[in-house]
Each structure stands twice: as structure tokens, then as C-alpha cells.
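What the coordinates show
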Amino acid sequence: TMAMMTFLSRTLCLCLTIPVVTGLVSNLSGWSKVKIGRVPAGPIEISSLGCGTWSWGNKLLWDYDPSQDEEIYRAYRAVRDAGVTIFDTADSYGTLELNGRAEILLGRFERQYQEEKSNNKPQSNMFDFGSFLGNNDASAKSNIQQVATKIAPYPWRITRGSVVQAAKESLKRLEQDKLCVAQLHWSTANYQPFQERALWEGIADVYDADLCEAVGISNYGPQQLSKFSERMKERDVPIAIAQVQYSLMTARNNEILDSCNEAGCRLISYSPLCLGLLSGKYDLDNLPRSGNPRRQLFRELLPGAQPLLGTLRAVAKEVGKTPSQVAINWAICKGTVPIPGARNLAQAEENLGAVGWSLSKAAVEVLDIASEGMQKKMIENVFQTR
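Note that this is a predicted model, so its numbers are computed, not measured.

With that out of the way, let us pick up the overall build of the protein chain. The helix and strand tally for the protein chain stands at 14 helices and 12 strands. Across the protein chain, contacts joining residues at least 24 apart in sequence account for 80% of those joining residues at least 6 apart.

Here we come to the pattern of salt bridges. A full pass over the atoms with the stated rule returns 22 salt bridges. Among the salt bridges present, the one from glutamate 201 reaches arginine 231, with a minimum N-O distance of 2.7 Å. A residue pair is termed long-range when its members are at least 10 positions apart, and glutamate 201 in helix H8 (residues 193-208) and arginine 231 in helix H9 (residues 222-234) qualify at 30 residues. For arginine 231, a relative accessible area of 19% puts it in the buried group. Between lysine 376 and glutamate 300 there is a salt bridge; the shortest N-O distance is 3.6 Å. Of the two residues, lysine 376 sits in the segment after helix H14 (361-372) while glutamate 300 sits in helix H11 (residues 293-319), which places them 76 residues apart along the sequence. Accessibility expressed as a relative area gives 40% for lysine 376, which makes it partly exposed. Given the relative accessible area of 39%, glutamate 300 is considered partly exposed. Each of Arg160, Arg197, Glu201, Asp205, Asp208, Arg231, Glu234 and Arg235 takes part in one network of salt bridges that share partners.

To continue, consider the nonpolar core. If you look at the biggest cluster of nonpolar residues, it comprises 97 residues, and the most contacted ones within it are Phe228, Met249, Leu277, Leu278 and Leu359. The element that contributes the greatest number of residues to this core is H11, accounting for 11 residues. Setting aside residues up to four positions removed in sequence, phenylalanine 228 forms contacts with Leu184, Trp200, Ile203, Val215, Ile217, Tyr220 and Ile239. Membership of the second largest hydrophobic core comes to 15 residues, among which are Val39, Ile44, Ile46 and Ile268.

Turning next to H11. Here H11 contains 27 residues, and its C-alpha end-to-end distance of 33 Å is more than 12% below the 39 Å for a straight helix at 1.5 Å per residue. At alanine 305, H11 is deflected by roughly 60°, the largest bend along its length, and proline proline 307 occurs up to four residues later in sequence. With a side-chain oxygen lying 2.9 Å from the backbone nitrogen of arginine 294, the N-terminal cap of H11 falls on asparagine 292. The first or second residue beyond H11 is glycine 320, which carries a positive phi of 75°.

With that settled, the discussion passes to the packing of H11 against helix H12 (residues 323-333). Relative orientation of the contacting elements H11 and H12 amounts to 95°, with a least axis distance of 8 Å. Between H11 and H12, the angle is such that the two are roughly perpendicular. Residue-level inspection shows Leu312, Arg313, Val315, Ala316 and Val319 of H11 in contact with H12, the latter providing Pro323, Val326 and Ala327. Among the residues making up the contact of H11 with H12, the classes are represented as seven nonpolar, no polar and one charged.

Next up on the list: the confidence of the model for the protein chain. Across the protein chain, the average pLDDT comes to 87, with 83% of residues at or above 70. Note on residues 1-30: pLDDT is under 50 here. Beyond four places in sequence and across chains, it has 55 contacts.

Taking strand neighbours across the sheet as the criterion, the eight strands line up as S4-S5-S6-S7-S8-S9-S10-S11 in an open arrangement whose pairing is parallel. In this open sheet, the two strands that pair with only one neighbour each are strand S4 (51-52) and strand S11 (337-338). Contacts between helix H4 (residues 101-120) and the sheet are confined to strand S5 (86-90) and strand S6 (146-151), with S5 contributing the most and set at about 150° to the helix. Strands strand S9 (239-245) and strand S10 (266-270) of the sheet are contacted by helix H10 (residues 255-263), whose axis makes an angle of about 140° with S10.

What follows is about the side chain of asparagine 219. Relative to the helices and strands, asparagine 219 resides in the loop between strand S8 (212-218) and H9. When its relative accessible area of 2% is taken as the criterion, asparagine 219 is described as buried. A polar side-chain atom of asparagine 219 sits 3.1 Å from the main-chain carbonyl oxygen of histidine 185.

Scoring rules and cut-offs
Residues numbered from 1 in each chain as written. Predicted model: local features only at pLDDT ≥ 70, side-chain atom pairs only at ≥ 80, totals over all residues. Heavy atoms only, no water. Helix = DSSP H or I, 4+ residues; strand = E, 2+ residues; numbered from the N terminus. Contact = heavy atoms within 4.5 Å. Salt bridge = Lys/Arg side-chain N within 4 Å of Asp/Glu carboxyl O. Buried < 20%, exposed > 50% of the residue type's maximum accessible area, 1.4 Å probe, protein only. Core = buried A, V, L, I, M, F, W, Y, C linked by side-chain atoms within 4.5 Å. Expected span 1.5 Å × (residues − 1). Bend = angle between axes of the 7 residues up to and from the residue. Polar contact = N/O pair within 3.5 Å; in protein donor to acceptor, adjacent residues only side chain to side chain. Axes fitted to C-alpha atoms, helices over the stretch in contact; angles between N-to-C directions. Parallel < 35°, antiparallel > 145°, perpendicular 65-115°, else oblique. Nonpolar A, V, L, I, M, F, W, Y, C, P; charged D, E, K, R; others polar. pLDDT = per-residue confidence, 0-100. Pairing = 2+ DSSP bridges.

Here it is, written out as C-alpha cells:
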């Protein structure tokens, strides 16, 4: 339509004329020089970019096979070397017999990573003033792996004790003693409200049992987050993170960010690339394989997403980045910590290219306009509450 053509012309012209990037330090080829910064998340600090592990063990959406583990580890090592510490996982990640696989791999990978670092560590000498002053210890402490696992509110988890037991089982799979963050995977308020209070008391009990440093929630809207926050304050339990699906393709407002600020926690943006749609690698002639649920979803979303994808490509070209990197950086500019997944080294490198620089306010505004103009946005998680 004429209106759409006018909109496209306006946004593309803006992209090409405004200074869209500040502090650009490197292109994708320089990702290895990037060091991820740290941001506060309630009582703790986490890396400003995280890594999601949903695909580790998921056959249905991500075609996982155990033969991929070595390549996944290469991705893991790359993001760890860059300073990524926060890893989002869940006790439900993994298809059927692979249930819990993501947690198992996360623990195994960290042990392998630390062993490699120990074997490659140069011997210290008497002139190592950094070691003498404790700087090396401080650096190592800031790069400790931080596991944020989500406990699924399965129908049989109706007691607070069952939540504590679930946390212990996650730690057993990880082969670790303590979680960084224990999260509730979703709220049952919409379909089984009586279970909700047991879940809240249970996650607080996990903290009281010294099984985690802080707690968090996932797929909670601002209203439910506010209620959860009030109860955790009564229990004297700190909230570190709240995560929702958050990308250029999602319907959103500032309420959840405001609620996070009020609760004193950090918003984690999961699916910042909208299951890969914002990578620019898919079109109607190149869809996920037949049988993959993403195939039909992308077929429905791609036609209406073309104006946004066009704007995303224009901004990416201007700043010398990829569409994926711009989409992730946009989420960072909003004050969130994105947790894109990485199943191979190439994906890890691309994700790391999203940090070390920042889109300008004008560029963010252009992308906001394109996002708000979407007629059909990404569907909400079925468990998302208000």
C-alpha cells in the first residue's frame, strides 16, 4: 500500500542519514577481542550478554543430536573466553529421553573448560605482581559460571517440598553444589491458581536451604511479578532476574521493565532473535525443515515482517554488523540482558559481535518504529501472564 511504501521510505532514509552507532570498536572479525561487561541483577552481578541452552537436547525445534556435543562445546568455550557467565537453562530442556540434557551438558562443559584452563595456565613467578595483589583472583571470581535454571511447575509439583527436590535434582545433573539463580519456569495463575502459592513458597525455600544465591521468574507479566516480589520481600528472599520473550518481533510495553525496576531485578530477554527469524537467514523459499514447528510459524510471520527486516538490514549495513547482532544490541540498549542460544562456533561468534559497541538513540528509535508498525507480531508464550 502507499502508506507502507511511505513508511519504508521514511525509515530507510533515516537509517542512512542518522549516526546510528556510537563506540563501534570492531566488526565481526574482531569478536575475540571483545570482553563482556557486567551488570547488576538484584543482589548479584551477571554478564551483560548471556547464553540460552534451550536447543541443547531439543530434537523437535532444533534437531539436536548427541553427536553435536563437541561443536556445542566449542561455542561454549568461545562465549566463556569472552566473559559470558550467565547461562539460562531448565530442568525441562531436552526432548523425551533427553529431558534434563541441557543441565547435564552445562555442568560437563564447565568442568571441561576449567580443566583446559588449568592445563594451559602458565606458571606464576615471583615477579607476578597481579597475583601478589590478588588481581588474578578477582578476575577469576568475576568469570565464574553462573547457572540460572528454571524449575517447571509440572502438575505433580503441588507442594513446596517438591520445588526444593527439583532444585536438588538439577544440581545433581549439573554436578554442582549451588545454583546462581533458581527460577520458576512459568506461572500457574491462569489455569491452576492454587498451585501458585506452593511454588512461591517452594522457590523461597530453595533460597533458605542455601541452594541458590537468588531467585527469579520466567513468563510473568508485570502484575504477577509485582505480587511475587511482595511475597519474596516478606520472606526476605532476593530476586535477581525476570525473563520474558523480548525482541523486535514481540508485542511489548515498558510496564515489565518498570516492574523489574520496582522489584530490583534485571529483565532477561529470551528469544531475542525470535527463534532465528530476525537473523535474516530465512524467507518463504528457505524455511526450517518440514515437521519443524518453526516452519509454519515463519510462513505466517515472514510476509508481514518484511518492512521490519528491511529496516534491520539497512541499519546492519550502516554499522557494519549482521541483522542478528543489531537485534541483540537493540535488546541490550533497552536495558535487558539477552540470552541468544549458540549451538556451534559460528553462532557464538556472531552473538559476541553484538557487544562492544552500541546503537545510537536514533537507530533504536528507527527500529522501534519499524517494530511498532508490525501488523502481526510473534505469538506470546502460552504460559505468559499479565
